[in-house]
Amino acid sequence: MAHVGVPRGTARKRRSVALLATGVLTLPVLAGCTSDSEGPTPVAVPQDIAPASRDRVADGSTLTWAIDAVPATLNAYQADADSATTRITGALLPSLFPLDARGEPKLNPDYLESAKVIEQEPKQVVLYKLNQQAVWSDGREIGAPDFVAQWRALSGKDSAFWTARNAGYERIEKIERGKDDLQVRVTFSKPYADWRSLFSPLYPKEVTGSPGTFNDGARATLKNTAGPFRLRSVNKDKGTVVLDRNPRWWGNEAKLESLVFRAVEPKDRTDALTAGTVDVADIDATTANGIALAARYRGGNGGPPAHGPGADITPAAALRSWALAHGSDEEAAEAAQLAREKNREAVAVYAAEQKSLQGFVVRKSLEPAYTQLAMNGESGALSDDRVRRAIARTLDRQELADAVLKPLGLPAKPPGSHLALAGQPAYKDGSGALGDQDTKEAQALLADAGWTVGGAVRRTEDTKAGSEAEKKASGEATDKASAKATDKASGKATDKASEKASAKATDKASEKAAEKEEKGEKEEDDKASREEGTYIVGDDKPGDGPAGTGVTAQDKGPAGAYAPAGTPAPAPASVKARIGKGGKPLTLRFVLPSGPGSQPLRTVGQKIVDMLDAIGISTQITKVDDESYFKDHIASGDYDMALYSWPATAYPATDGRPIFSKPEPATDGSLLVEQNYTRVGSDHIDQLFDRAVSELDANASRDLLKQADARIWAAAGSIPLYQRPQLVAVDKKLANIGAFGFAAPRYEDIGFTGRQAAGSPANRKK
């Protein structure tokens, strides 16, 4: 099931120069972030797939698996490829190093006899020895021509190929045939630690050999495949993709006769399960709870059902209803009989639905993805790393993880790494580089950045009492005008004329002073009306009374106090408690999706708002459509804070760099952020990624990644909150399918246990 806030695969074009407003981090604690002697961290939750040996799985049958929509393309290397593309091609195409239950890539013996680095100097050389039985569905051997064609299509050197990513392929210098057709020799121009990520999935040369076939030939069909299944049909009108057994498959024969992927929107999954039109579906917590309720449903034994229609009817109410239905009052009897009939119908329909749902079980694990709080560091208050770190240290990550995972019965330990999850070899808890939740430390960081409690209150400086100001201004003007008039009249007029001139000058000066005072008061009023958070006694505010009415100490001031006109009044308690700077409160725009499937994000978002509010940070939640959430807000930078997820990877040196690399200024002044939607990065982080991806010693490469992760924590642009739950409704009779966790499905082993008739089992109502 697709999840809101999960970025689709985007171009992974490397960028090395960028803008970081927060400056260089000086963090002595990071110096010790190297390898340690601790053992590997266990996987938080194992996969839940009802494992069964192949001899316990019946041959034949059809399985129907829900997907969100028929994929726009079957070419996994195009920009509009999605999770359905990955799921379908996983059954059709070679994957040379699929992930195991711990998230580690493991050699696939169905396609490879061996693959290893045979030379490091002067250049890295990898030799692939192919399984001699491996063939495409047209009978042609899988070989070097397929590797060469895919390299050329994905190297980025030919812009005619519309590719979404080229990471690793641009480092290949050449590909040659080895001693025979079953050997492929790949030489790299620069060392590449993640070479196992290449050529999975591997497409036939008929697809990758030319821009035309690459761009358009594999969008709606795949004529040549090499998996346990082959593509039979794609029907967008019916919303189905149908696979059947590949007769040329050389491995263990698929237990299923056919595999149908059916488009079912997440909101319709419960209805599809109830109707029996799907056997497997990713579900949300609401549907999972519905299946759990169905397992406890009882009815038809004479007593009231456990839940649903009729569950609230007491024995007394049932007796009264029966009495009315069989009473002498014909009108009342008719109404009672009609009500009883409607209730029986509702109970019957609900009981049938519950019986259908009782055929399913919820397989649950933790999805290989984590949800994070992202803070946009491009501009504003969050461009200061001290503010970001303060927000991060305000959060109780454990409480947030508990809110999502505990109700589902899943462990709720917050992730300690941006680059790996618990159980993976590269995992190490680096959150210590940021620090634990600590309100006092958060407040100290904010104060150091100039954001203080009460800082949202604006203070008017040099304001004097109205009567004193008027007297002083009038007196100074009168004295000055009088002296000037007296000097001018001296020696030219009598004492009487002198007095007359003096009086005239005095009157004129007084008028000017009065005009000046009136103008000054008006400017002060206008200024006050524009300044949020400024409260001046005597101002004409809405609701304060008619114009000219002053606010006295008895009206608003503290008991026993007298505040003349012009005296600043105390700000409301709500403003005093706000964090602010220079009279402006620290207010952040928190963007969240509004759809019904996004309720967990909104629940977590509200808890974050409450945590920030407790220390005086204001947060404005903006809810937007699910469809526009990522494209129009996250990717474009139209947010201060947001919640979205990143999938885990076995190749963090390659896949992590575009997510955390320092953004690069474009010629038009904008930022080229690649996948770093927080716009937070540093040269040091980039350098650590570059060294890790070129380090062929696996342990040394992981040490570099752990150092990079510590720096990412310290930059505080991304705060991992919890590993996402993975809930899958599965027919109880199915084996080797469910919540896979890290691992790739083994499609050939999936099937029904016991005697399952051939045909479509996904219609229990027949």
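Residues numbered from 1 in each chain as written. Predicted model: local features only at pLDDT ≥ 70, side-chain atom pairs only at ≥ 80, totals over all residues. Heavy atoms only, no water.

**A look at the packing of aromatic side chains**
One pass over the structure, following the stated rule, counts 19 aromatic pairs. On the basis of an interplanar angle of 85° and a centroid distance of 5.6 Å, the ring pair of Y111 and W250 is categorised as edge-to-face. A residue pair is termed long-range when its members are at least 10 positions apart, and Y111 in the loop between α1 (83-89) and β2 (112-119) and W250 in the loop between β7 (240-245) and β8 (258-263) qualify at 139 residues. Both residues of the pair, Y111 and W250, belong to the buried class. With centroids separated by 6.1 Å and ring planes inclined at 90°, the aromatic side chains of Y128 and F199 adopt a geometry described as edge-to-face. Within this pair, whereas Y128 is found in strand β3 (residues 125-130), its partner F199 is found in the loop between β5 (183-188) and α3 (205-208), the two being separated by 71 residues in sequence. F199 carries the same exposure label as Y128, and that label is buried. Ring pairing ties together the aromatic residues F97, Y128, F147, Y169, W195 and F199, which thus form one cluster. One Lys or Arg, R196, reaches over the ring of F97 and ends 6.0 Å from the middle of that ring. (Phe/Tyr/Trp six-rings, centres within 6.5 Å; stacked < 30°, edge-to-face > 60°. Helix = DSSP H or I, 4+ residues; strand = E, 2+ residues; numbered from the N terminus. Buried < 20%, exposed > 50% of the residue type's maximum accessible area, 1.4 Å probe, protein only. Lys NZ or Arg CZ within 6 Å of the ring centre and 35° of its normal.)

**Here's the deal with the side chain of R724**
Residue placement: R724 occurs in strand β19 (residues 718-731). For R724, the side chain forms a polar contact with the side chain of S645, separated by 3.1 Å. (Polar contact = N/O pair within 3.5 Å; in protein donor to acceptor, adjacent residues only side chain to side chain.)

**Concerning the sheet that holds strand β12 (residues 579-581)**
Pairing is antiparallel across the open sheet formed by 3 strands, whose spatial order is β11-β12-β13. One side of each edge strand has no neighbouring strand; the edge strands of this open sheet are β11 (452-453) and β13 (584-585). One ladder, built from 2 bridges, connects β12 with β13; its direction is antiparallel. Paired with K581 across the bridge in β13 is K584. (Pairing = 2+ DSSP bridges.)

**Some remarks on the packing of helix α9 (residues 385-394) against helix α11 (residues 439-448)**
Their axes nearest at 8 Å, the elements α9 and α11 cross at an angle of 165°. Of the possible angle classes, the one that applies to α9 and α11 is roughly antiparallel. Where α9 crosses over α11, the two elements pack in a sense that is left-handed. Between α9, through R386, V387, R389, A390, R393 and T394, and α11, the contact on the second element is made entirely by T439, E441, A442, L445, L446 and D448. Split by residue class, the contact of α9 with α11 holds 5 nonpolar, 2 polar and 5 charged. (Axes fitted to C-alpha atoms, helices over the stretch in contact; angles between N-to-C directions. Parallel < 35°, antiparallel > 145°, perpendicular 65-115°, else oblique. Left-handed = near helix turned anticlockwise from the far one by under 90°. Contact = heavy atoms within 4.5 Å. Nonpolar A, V, L, I, M, F, W, Y, C, P; charged D, E, K, R; others polar.)

**Regarding the sheet that holds β2**
Overall, antiparallel pairing links the 4 strands, which are arranged β2-β3-β5-β4 in an open sheet. Single-partner strands in this sheet number two, and they are β2 and β4 (172-177). Ignoring strand direction, the axes of neighbouring strands in this sheet form an average angle of 15°. Pairing of β4 with β5 involves 5 bridges; the strand directions are antiparallel. For I172, the partnering residue across the bridge sits in β5 and is F188.

**Some words on the pairing of strand β15 (residues 618-624)**
The pairing of strand β14 (residues 587-593) with β15 spans 7 bridges and is classified as parallel. When the bridges of β15 are listed, P593 appears paired with V624. In this fold, the crossover linking β14 to β15 by way of helix α15 (residues 599-613) has right-handed handedness. (Right-handed = clockwise from strand over helix to strand, strands pointing away.)

**Section: the packing of helix α10 (residues 397-405) against α15**
Between α10 and α15, whose axes approach to 10 Å, the crossing angle comes to 155°. When the axes of α10 and α15 are compared, the pair comes out roughly antiparallel. The way α10 lies across α15 gives a crossing that is right-handed. For the pair formed by α10 and α15, the contact residues are E399, L400, A403 and V404 on the first element and V604, K607, I608 and M611 on the second. By residue class, the composition of the contact of α10 with α15 is 6 nonpolar, no polar and 2 charged.

**Topic: the nonpolar core**
Among soluble globular proteins, nonpolar side chains are generally buried collectively. The biggest cluster of nonpolar side chains holds 160 residues, and the ones touching the most others in it are Y128 and L373. Top element by residues in this core is β19. It accounts for 7 residues. In this view, L373 contacts I391, L395, F590, I608, M641, A642, L643, G717, S718, I719 and L721; residues no more than four positions away in its chain are not counted. (Core = buried A, V, L, I, M, F, W, Y, C linked by side-chain atoms within 4.5 Å.)

**Considerations on helix α19 (residues 683-693)**
Residues lying three or four places apart along an α-helix face the same way, a consequence of the helix completing one turn every 3.6 residues. Listing the buried residues of α19 in full gives I685, D686, L688, F689, A692 and V693. Looking straight down α19, one finds that the buried residues subtend no more than 160° of arc, so they occupy a single side. Next to the buried residues of α19 lie α17 (652-655), α18 (657-660) and α20 (698-715). (Arc of directions from axis to C-beta.)

**Remarks on the side chain of D82**
Assignment of secondary structure puts D82 in the loop between β1 (62-67) and α1. A polar atom in the side chain of D82 sits 3.1 Å from the backbone nitrogen of A84.

**Topic: the confidence of the model for the protein**
Averaged over every residue, the pLDDT of the protein is 82; the share at 70 or more is 75%. With pLDDT under 50 throughout, residues 516-563 is counted as low confidence; its partners more than four residues away or in other chains account for 45 contacts. (pLDDT = per-residue confidence, 0-100.)

**Concerning α10**
Inspection of α10 places R397, L400, A401, V404 and L405 among the buried residues, and these make up the whole buried set. Looking down the long axis of α10, one finds its buried residues gathered within 115° of arc, a one-sided arrangement. The inward-facing, buried residues of α10 contact β10 (360-375), α15, α20 and β19. Two or three places before Q398, at the opening of α10, D396 has a side-chain oxygen 3.2 Å from that residue's backbone nitrogen.

**Considerations on the environment of T622**
Tracing the backbone through its elements, the reader meets T622 in strand β15. It is 4.8 Å that separates the C-alpha atoms of T622 and V591, two residues lying 31 residues apart in sequence. In this structure T622 touches R589, F590, V591 and L592, once residues within four positions along its chain are discounted.

**Brief notes about unusual backbone geometry**
Residues E121 and P122 are joined by a peptide bond in cis, for which omega reads 0°. With respect to the secondary-structure elements, P122 resides in the loop between β2 and β3. The omega torsion across S200 and P201 is 0°, close enough to zero to call that bond cis. Within the secondary structure layout, P201 lies in the loop between β5 and α3.

**Describing a negative patch on the surface**
Together, D329, E330, E331 and E334 make up a region of like negative charge exposed at the surface. Structurally, E334 is set in helix α8 (residues 330-357). (Patch = residues over 30% accessible without salt bridge, like charges linked within 9 Å, V, L, I, M, F, W, Y side chains within 5 Å. Areas by Shrake-Rupley, 256 points an atom, 1.4 Å probe, with all protein chains shown as cover. Salt bridge = Lys/Arg side-chain N within 4 Å of Asp/Glu carboxyl O. Lys, Arg positive; Asp, Glu negative; His and termini not counted. Charge placed at Lys NZ, Arg CZ, Asp CG, Glu CD.)

**A word on the pattern of salt bridges**
When charged atoms on two side chains of opposite charge get close, those side chains can pair. Throughout the structure, instances matching the rule amount to 32 salt bridges. Between D146 and R140 there is a salt bridge; the shortest N-O distance is 2.9 Å. A salt bridge links E367 to R724, with the shortest nitrogen-to-oxygen separation between them at 3.2 Å. Note that E367 is positioned in strand β10 and R724 in strand β19, a separation of 357 residues in sequence. Side by side, E367 and R724 carry an identical accessibility label, which is buried.

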